[in-house]
Amino acid sequence: MDDSNDQAKRRLQLLAAAAEPTFWGFLGCEFVSLAEDGVITISLDAKSHHLNLIGIVHGGVLSSLLDNAMGIVVMMARPEEKAVTTNLNVHFVSPLHEGRLQVTAEIVHQSRKMITAQGRITDSNGVLGDHRNRDISGYLG
């Protein structure tokens, strides 16, 4: 493993520790991996309190998972800058249920002031719960 990847993993560990007492920790998010190509994977063990009244994972939980994962990708790409979400589009394609959910996120475009990321959520069987999300951008500055 090269030095830059070691540095990225250390940054990710620091982010994980800092995020634990925030909404991230309240939801129950966990870091899974940081791939060499910059893809971040996080997970959540969806429990009954993550469900809506019809027994599926609440859309707000799924949207928060996507926002968290894509936010991490942005923070890893620009660790010296602060970023906030300016737009988030989510396409729900199938319901997700209690159990392990996995979220992957990656950058698809970046400019001097904006970064666009995409993410997807699957369950433990690989069922896609949302469609690729291409319209989350962070203000950098």
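In this text the structure is predicted, and so the values were computed from the model without any measurement. (Residues numbered from 1 in each chain as written. Predicted model: local features only at pLDDT ≥ 70, side-chain atom pairs only at ≥ 80, totals over all residues. Heavy atoms only, no water.)

Caption draft 1: Main features of the pairing of strand β6 (residues 114-123). For β6, the buried fraction is high: seven of the 10 residues fall into the buried class. What sits between the antiparallel neighbours strand β5 (residues 99-110) and β6 is a turn of three residues. (Buried < 20%, exposed > 50% of the residue type's maximum accessible area, 1.4 Å probe, protein only. Helix = DSSP H or I, 4+ residues; strand = E, 2+ residues; numbered from the N terminus. Pairing = 2+ DSSP bridges.)

Caption draft 2: Highlighting the environment of Q102. Mapped onto the elements of the fold, Q102 is located in strand β5. On the basis of relative accessibility, which here comes to 36%, the residue Q102 falls in the partly exposed class. In this structure the C-alpha to C-alpha distance between Q102 and S124, which are 22 residues apart in sequence, comes to 7.4 Å. If we skip the residues at most four places from it in the chain, Q102 touches T41, I42, S43, R120, I121 and T122. (Contact = heavy atoms within 4.5 Å.)

Caption draft 3: View of the nonpolar core. Ranked by internal contacts, the top residues of the largest apolar core, which has 28 residues, are I40, I42, V57, L65, L101 and I121. Every element with two or more residues in this core is listed here: α1 (3-19), α2 (23-27), β2 (40-46), α3 (59-77), β5 and β6. A per-element tally of this core places α3 first, with nine residues. If sequence neighbours within four positions are ignored, V57 has contacts with A46, H50, L51, N52, L62, L96, H97 and L101. (Core = buried A, V, L, I, M, F, W, Y, C linked by side-chain atoms within 4.5 Å.)

Caption draft 4: Here's a closer look at the confidence of the model for the protein. Mean pLDDT over the protein stands at 86; residues scoring 70 or higher make up 89%. Counting interchain partners and residues more than four positions distant, the pLDDT-below-50 stretch residues 131-141 has 61 contacts. (pLDDT = per-residue confidence, 0-100.)

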